[in-house]
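# Structure at a glance
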Amino acid sequence: MRFPNWHRQDDDLTEELRSHFEMAVQERMERGQSRAEAEAAVRREFGNELLVRETTREQWGCVWLEQLAQDLRYAFRMLRRSPGFTAVAVLTLAIGIGANTAIFSVVDGVLLQPLPYPGANRVAKVFMHFSPQNAPHGHMCQADFSDWSAQNHAFEQVAAYANGLYDITGIGPPEQARGVSVTAGFFPIMRVPPLIGRTIVNGEDSASAPEVVVLGERLWRTRFGASADAVGKVIEINGQKATVIGVMPESFRFPREDAEIWTNLHLTPPKGRFPFFLTGLARLRPGVTWKQAQAEANKIGRTIELAGNGEYRNLTMPVVPIREELVGDVRLPLLVMFAAVVAVLLIASVNVANLLLARSTARAREMAVRVSMGASRSRLVRQLLTENLALSLAGCVVGTGLAWYAVRLLRVLNPGNLPRIDAVRLNAPVLAFAILMAILTAILFGVGPALESARTEPVRALKDDVRAGSGKGRTRAALVVAEIALSFVLLIVGGLLLRSFERLQRVDTGIETPPDEVLTMLVSPSATRYKDAKAQLAILDRLMERVRKVPGVETAAWADSRPPNYWSNDDTFNIKGKPYNHEAFPSSPIPNVSPQYFSALGIPLIRGRYFENSDANDRPNVAVISQELARRYFPGEDPIGQEIAPSEPNPKQPWYRIVGVVGDVKYAGMASEPAPVWYAAVAQGPGLPMFLIVRSSREASALGEEIERAIHSVDPDVVVTYRETLATVMGNAVAQPRFRTALLSLFAVIALVLASIGTYGVIAYSVTQRTREIGVRIALGARPAQVLGMILRQGAGLSVLGILIGVAGALAATRALSSLLFATSPTDALTFAAVIAVLIVVSLWASYVPARRAMRVNPVEALRGE
């Protein structure tokens with residue numbers, strides 16, 4: 001293709017060269033030479049005509065555009081001529097670039113994209129940490145919030161909120177939604193205007209203020225058909241009348257991603273420093289740093305500790321920016337995954353570089369001819385880099401398609417329960433990243449082979465001398481060693497996570513009933529309709545009576561907690577006759593359960609008895625304790641008959657007589673250590689809502705609808721949510737470890753496959769290069785087994801060198817991984833040994849095929865070919 005403006009210049013140049021050539025020929029013919037002799041002599045004088053044309057064109061300026069077009073056209077023609085090579089290279093690059101693009105889209109959406117709140121980088125949550133509660137991000141009580149807001153100077157505005165579940169009744173079918181009760185400063189801090197109406201204002205968080213509610217956009221659309229008349233309507237929230245005052249846009253999901261309701265929090269005059277249910281929210285004052293804000297918060301914490309009259313020990317007030325609080329737990333896993341896919345791309349690039357080096361051998365004659373015709377080496381390098389860029393861009397297109405599908409799947413399934421999953425998408429920054437990766441990859445895998453090709457010696461290449469490419473063998477071997485080292489690191493990371501996850505799945509939760517035989521659901525009768533303990537116990541009994549009649553229900557129970565990662569109530573405790581101090585009696589879960597809870601979940605009885613139906617409200621309070629609590633507080637004693645009470649010693653606090661000891665059950669997550677737990681009986685202190693725990697002789701998940709119908713036959717306004725088998729609950733509890741383990745294991749397997757292909761390529765190339773040597777060895781009496789051993793040793797040598805380098809890299813990489821591992825050392829010997837064995841076996845396997853070809857070398861043909 002010629003550019004139009006240069007076409008005439010090119011024709012003029014051709015005419016001028018022809019004119020000069022003809023004039024020189026005529027001059028020689030006038031001196032007596034024949035035309036043939038004159039033309040030959042003039043050609044020798046003029047030199048390479050193509051080179052003259054190239055040199056002249058370079059003086060015209062902007063000729064690079066024409067050359068680039070020529071190079072691209074030539075590059076695509078060459079790729080079409082080698083469909084097998086092109087397909088393998090494009091697919092290899094597509095896997096690397098696609099994986100990088102998909103993971104980067106997650107990193108960009110979760111970690112890099114700004115939160116949808118103006119000035120969100122200056123908004124923080126404020127918690128309380130103290131003994132004996134010992135929660136890293138614990139709640140504060142109203143008195144604490146009042147003290148903090150009164151002494152605060154670092155924040156321009158402060159607020160408090162409390163998470164909750166809200167039953168919506170009276171308009172359509174009953175529904176439960178997640179939401180928060182907030183003080184008046186909540187919405188001004190977030191600076192997001194409502195879609196319609198207004199938000200909660202000053203005065204509406206007072207004790208006497210009427211109930212108001214701000215709805216999320218989804219509820220507004222489903223409940224009110226997106227009508228503006230919704231504002232001013234009165235609806236029933238948790239059994240209380242509340243006026244709708246506004247609607248927040250769908251993008252506003254704070255402080256939880258599933259929050260859809262915001263009600264006004266009534267600040268009543270505190271009667272003491274309890275209960276603890278508030279989280280602080282604040283916007284940093286201009287000119288104040290986070291460090292200064294934290295220092296001031298801790299200073300306020302010390303004054304609160306003094307005001308607490310011994311209720312607090314070592315009180316601090318952690319100030320956590322909302323982005324950190326939202327994505328802090330997934331930052332490290334995402335960065336580890338991103339590093340892993342970069343390693344996969346490097347391995348893919350190395351493989352493509354090896355393919356190009358092998359291809360350059362086949363193209364040696366072409367390069368030699370072009371050099372002989374006057375092409376400069378820089379011109380050859382440029383042409384080859386253009387081919388590589390075309391190859392990489394093709395891989396980028398295919399890889400972006402794969403990434404688009406992966407991101408779409410991730411958004412739908414969200415298998416890792418990632419926060420901000422809605423922000424994960426293939427947007428302009430992600431596409432720019434993909435193109436940048438393609439260009440960098442082209443440079444990475446293309447420069448070396450291009451320079452090698454440009455150094456082709458024309459004479460040897462034209463004679464088909466295999467030694468013309470002897471230097472490429474060492475380059476390819478070095479690339480494979482690097483490939484094996486990277487693969488080793490990835491396999492170690494994947495292996496450690498796999499081993500950790502396998503141990504996490506096998507952890508003893510304390511539940512002996514198979515999880516898929518247990519169905520759980522949160523049952524929420526109206527708290528206003530069933531206000532007192534008697535009414536609550538009555539509705540729970542009526543519901544239970546109907547549930548037990550559902551075919552397939554073997555055992556059913558109530559509980560306000562659900563293992564392995566949820567409990568409703570925790571508090572410190574004291575034991576009659578034992579000296580009390582805050583450090584010795586840390587805050588512990590106190591599940592409130594009905595008698596059948598233990599048999600439904602298969603929690604073993606160690607001593608004494610379970611709760612019984614006779615443990616009613618008019619009987620002495622009883623308690624069942626966990627084995628860990630018995631071990632810590634009753635060593636060498638019989639705990640049965642001893643008495644325990646919640647909170648610190650208080651004459652007004654009733655004692656609970658211990659009647660049984662049961663096995664330890666995890667309530668703080670699958671990876672948590674055994675902790676003291678003591679159980680109270682529902683009949684002696686009911687509450688709402690409650691989890692219904694059903695053990696079934698049928699498939700537990702199939703009972704859900706029948707049980708819901710049974711519940712609604714008693715009270716149609718009872719809200720039923722979180723209907724899941726215990727197997728699903730446990731699966732969700734390990735969703736993030738499972739997600740990162742699956743992805744990193746997949747990347748490790750891809751790396752292993754690519755490394756084995758690379759090893760095969762190098763050994764096969766080496767066999768080709770050493771065909772004559774192998775022929776001579778066989779001619780001199782070498783046995784096939786000796787040839788086989790020689791080739792296998794070469795493959796094993798590359799593996800050992802790569803593994804030695806990889807061990808150093810793995811020891812450095814796994815340091816960052818230690819916080820993601822469960823009961824597994826970052827230097828786990830078994831994992832290291834297994835990975836070394838796998839890599840050596842794979843390398844030997846990859847070397848075996850070319851080694852067998854070497855065994856069949858015919859010495860006569862090899863020497864004749866030479």
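About the cut-offs
- Each residue is numbered by its place in its chain's sequence as written, counting from 1.
- Given that the model is predicted, a residue must reach a pLDDT of at least 70 before its local features are reported, and side-chain atom pairs must reach 80 or more before they are shown or counted; all residues, however, enter totals for whole chains, interfaces and linings.
- In computing side-chain values, all of the structure's heavy atoms are included and hydrogens and water are not.
- Numbered from the N terminus, helices here are DSSP runs of H or I no shorter than four residues, and strands are runs of E no shorter than two.
- Note on method: radius of gyration uses C-alpha positions; expected globular size equals 2.2 Å times residues raised to 0.38.
- Each residue's exposure class comes from its accessible area (1.4 Å probe, protein chains only) as a fraction of the maximum for that residue type: buried when under 20%, exposed when over 50%, partly exposed otherwise.
- We call two residues in contact when some of their heavy atoms are within 4.5 Å.
- In short, Shrake-Rupley with a 1.4 Å probe defines the accessible areas, and a residue's cover is counted only from the protein chains shown.
- Working convention for charge: Lys and Arg count positive, Asp and Glu count negative, and His plus the chain ends are omitted.
- For the purpose of locating charges, the reference atoms are NZ of Lys, CZ of Arg, CG of Asp and CD of Glu.
- Note: the arc covers the axis-to-C-beta directions of the helix.
- Here the term patch refers to residues with relative accessible area over 30% and no salt bridge, with like charges joined within 9 Å and nonpolar side chains (Val, Leu, Ile, Met, Phe, Trp, Tyr) within 5 Å.
- Counted as salt bridges are all cases of a side-chain nitrogen of Lys or Arg within 4 Å of a carboxyl oxygen of Asp or Glu.
- The distinction between a cavity and a pocket rests on a 1 Å grid over the protein atoms alone: a 1.4 Å probe fits inside a cavity but cannot get out, while a pocket stays open yet meets protein on both sides within 12 Å along at least five of seven lines, and a residue with an atom within 4 Å of a point counts as lining.
- Grid points are joined across faces, edges and corners, and a volume is the space filled by probe spheres set on the points.
- In this classification, the charged set is Asp, Glu, Lys and Arg, the nonpolar set is Ala, Val, Leu, Ile, Met, Phe, Trp, Tyr, Cys and Pro, and all remaining amino acids, among them Gly, are polar.
- Centres within 6.5 Å make a pair out of two Phe, Tyr or Trp rings, where for Trp the six-membered ring is used; the pair is then stacked when the planes are under 30 degrees apart, edge-to-face when over 60, and tilted otherwise.
- Two strands are said to pair when DSSP picks up at least two bridges between them.
- Axes here refer to lines fitted to C-alpha atoms; in helices the fit is confined to the stretch in contact. Angles between the N-to-C directions go from 0 to 180 degrees.
- To sort the angles, those under 35 degrees are grouped as roughly parallel, those over 145 as roughly antiparallel, those from 65 to 115 as roughly perpendicular, and the leftovers as oblique.
- Crossings are assigned a handedness: left-handed for a near helix turned anticlockwise from the far helix by less than a right angle, right-handed for a clockwise turn.

Across its full length, the protein holds 25 helices and 25 strands. Here the protein has a C-alpha radius of gyration of 38 Å; the compact-globule value for 866 residues is 29 Å, and the former is much larger. Along the first, second and third principal axes, the C-alpha set of the protein runs to 135 × 70 × 55 Å. Per-residue burial over the protein gives 49% buried out of 866 residues. Taking contacts inside the protein between residues at least 6 apart in sequence as the whole, the part at least 24 apart equals 80%. For the protein, the computed accessible surface area is about 39500 Å², with 58% contributed by carbon and sulfur atoms. Across the protein, the centroid of the 91 positively charged side chains sits 6 Å from that of the 80 negatively charged ones.

It is worth spelling out helix α11 (residues 364-372) at this point. Every buried residue of α11 is accounted for by A364, M367, A368 and V371. End-on view of α11: buried residues confined to an arc of 100°, all on one side of the axis.

On to a nonpolar patch on the surface. A grouping of L389, L393, I435, L436, I439, L440, I443, V447 and L451 is seen on the molecular surface, where their side chains present a nonpolar patch of about 710 Å² in accessible area. Of all the secondary-structure elements, those providing two or more residues to the nonpolar patch are α12 (377-413) and α13 (428-454). No other element matches α13, which puts seven residues into the nonpolar patch. Within the secondary structure, L393 is located in helix α12. Judged by relative accessible area, L393 falls into the partly exposed class, the value being 36%.

Here the focus is unusual backbone geometry. The residue after F254, namely P255, is reached through a cis peptide bond having omega 5°. Residue placement: P255 occurs in the loop between β8 (240-248) and β9 (259-264). With an omega of -5°, the peptide bond running from L688 to P689 counts as cis. If you trace the backbone, P689 turns up in the loop between β23 (678-681) and β24 (690-696). Phi is positive for R191, which is not a glycine, with a value near 60°. Its place among the elements puts R191 in the loop between α7 (186-190) and β5 (196-197). Even without being glycine, Y722 reaches a positive phi, approximately 50°. Within the fold, Y722 resides in strand β25 (residues 719-725).

Moving on: empty space enclosed by the protein. All told, the structure shown has three cavities of 30 Å³ or more when counted by the stated rule. If you add up the space inside the second largest cavity, you get close to 60 Å³. Forming the boundary of the second largest cavity are V330, P333, L334, M337, G416, L418, Q736, F739 and R740. Contributions of two or more residues to the lining of the second largest cavity are made by α10 (322-362) and α21 (735-769). At four residues, the largest contribution of residues to the lining of the second largest cavity is made by α10. When grouped by side-chain class, the residues that make up the lining of the second largest cavity number six nonpolar, two polar and one charged.

So, about the environment of A700. With respect to the secondary-structure elements, A700 resides in the loop between β24 and α19 (704-714). Its relative accessible area of 0% is what places A700 among the buried residues. C-alpha separation for the pair A700 and N388, spaced 312 residues apart in sequence, amounts to 57 Å. Leave out the neighbours within four places in its chain, and A700 touches D516, E517, V518, L519 and T725.

Next up on the list: the packing of aromatic side chains. Taken as a whole and assessed by the stated rule, the structure comprises 29 aromatic pairs. Plain terms: the ring middles of Y117 and F252 are 5.6 Å apart, the flat faces sit at 75° to each other, and that makes the pair edge-to-face. In this pair, Y117 is assigned in the loop between α5 (83-112) and β1 (123-126) and F252 in the loop between β8 and β9, connecting sequence segments 135 residues apart. Of the two residues, Y117 and F252, both sit in the buried class. Ring geometry for F187 and W262: centres 6.4 Å apart, planes at 65°, overall edge-to-face. Taken as a pair, F187 in helix α7 and W262 in strand β9 lie far apart in primary sequence, 75 residues in all.

Along a regular strand, successive side chains alternate from one face of the sheet to the other. Burial of β1 is two-sided: the residues V123 and K125 facing one way and the residues A124 and V126 facing the other way are all buried. Direction of pairing for β1 relative to strand β12 (residues 319-321): antiparallel, over a ladder of three bridges. Each bridged residue has a counterpart across the sheet, and for K125 the counterpart in β12 is V320.

Turning our eyes to something else, we now look at the pattern of salt bridges. In the structure shown here, the tally under the stated rule is 33 salt bridges. Residues R31 and E27 are paired through a salt bridge, measuring 3.4 Å at the closest nitrogen-oxygen approach. For K241, the salt bridge goes to E236, with nearest N and O atoms at 3.6 Å. You can call K241 exposed: its relative accessible area is 57%.

Our focus in this paragraph is the packing of helix α16 (residues 533-547) against α19. Between α16 and α19, the least distance of the axes is 9 Å, while the angle of their chain directions is 135°. Looking at the two axes, α16 sits oblique to α19. In the crossing of α16 with α19, the sense of the turn from one axis to the other is right-handed. Where α16 abuts α19, its residues I539, R542, L543, R546 and V547 lie against I707, A710, I711, S713 and V714. Partitioning the contact of α16 with α19 into residue classes produces seven nonpolar, one polar and two charged.

With that settled, the discussion passes to the side chain of H266. Secondary-structure assignment places H266 in the loop between β9 and β10 (279-284). With relative accessibility at 19%, the residue H266 sits in the buried group. Once residues within four sequence positions are removed from consideration, H266 is found in contact with Q142, D205, S206, A207, A209, P210 and E211.

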